[in-house]
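# Breakdown of the fold
Below are the chains, spelled out letter by letter.
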Amino acid sequence: KVKQKKKALLPDITQNRQYTLVLDLDETLIHFEENPDGTSQFLIRPHAQQFLKDVSQFYEVVIFTAALKDYADFILDRLDLEGLISHRLYRNNCSLSENVYQKDLTKLGRDLSKTLIVDNNAENFQLQPDNGVYIRSWYNDPNDEALKKLAPLLIGKPYLIKKS
């Protein structure tokens, strides 16, 4: 019997990128909140759009969220006005284990030595902990600079970090 190779979640890289950056959505790039009056809104983490602009020059950017597709697409269609995100993966692409939606990077069809995941929940990348970059959860701090400080490290330009 010939063992069937499982189809990768992502198509082959077509752009001139060697590296893949996987980003979580909720509490990493945005925060969704429901207000007491029944309305809701999502807030974009400070520096998120500049972060996407910066890293997309060097990485194939993939959003991998445990959220449902309709919710995630609604937000991403408003967050990514410049089309910097190459691919979107959702809850149905996660592996559910002990009530944790894990993001199994081996399913992407990418070289793991050239793939990083940035997530505010380390459990989400516990299958490949060496590929994970933990980021503090963001809820609504307007002075947050986590993405601003992370971008230069990911693109190898630490001189971009201004001393404050």
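Presented here is a report on the structure given in the accompanying data block. (Residues numbered from 1 in each chain as written. Predicted model: local features only at pLDDT ≥ 70, side-chain atom pairs only at ≥ 80, totals over all residues. Heavy atoms only, no water.)

Right, let's get into the side chain of Gln128. Mapping Gln128 onto the fold places it in the loop between strand 8 (115–119) and strand 9 (132–134). Classification of Gln128 by relative accessible area gives buried; the value is 8%. Among the polar contacts listed, one links the side chain of Gln128 to the side chain of Asp104, at a separation of 2.8 Å. Apart from the residues within four sequence positions on either side, Gln128 is in contact with Lys103, Asp104, Leu105, Thr106 and Leu112. (Helix = DSSP H or I, 4+ residues; strand = E, 2+ residues; numbered from the N terminus. Buried < 20%, exposed > 50% of the residue type's maximum accessible area, 1.4 Å probe, protein only. Polar contact = N/O pair within 3.5 Å; in protein donor to acceptor, adjacent residues only side chain to side chain. Contact = heavy atoms within 4.5 Å.)

Its place among the elements puts Glu33 in strand 2 (residues 30–34). Separated by 57 residues in the primary sequence, Glu33 and Tyr90 have C-alpha atoms spaced 20 Å apart. Aside from chain neighbours lying at most four places away, what touches Glu33 is Thr39, Ser40, Gln41, Leu43 and Asn140.

Side-chain pairs of opposite charge can arise where the charged atoms are in close proximity. What the rule picks out here adds up to 10 salt bridges. Here Asp144 and Arg45 are joined by a salt bridge, their closest N and O atoms 2.8 Å apart. One end of the pair, Asp144, is in the loop between strand 9 and helix 3 (146–155); the other, Arg45, is in the loop between strand 3 (40–44) and helix 1 (48–55), with 99 residues separating them in the sequence. Lys103 is the salt-bridge partner of Asp119, the closest N and O atoms lying 2.7 Å from each other. One end of the pair, Asp119, is in strand 8; the other, Lys103, is in the loop between strand 7 (100–102) and strand 8, with 16 residues separating them in the sequence. Side by side, Asp119 and Lys103 carry an identical accessibility label, which is buried. Here the residues in one salt-bridge network are Lys69, Asp73, Asp77 and Arg88, joined through shared partners. (Salt bridge = Lys/Arg side-chain N within 4 Å of Asp/Glu carboxyl O.)

The quantities given are spatial measurements derived from coordinates; they are silent on function.
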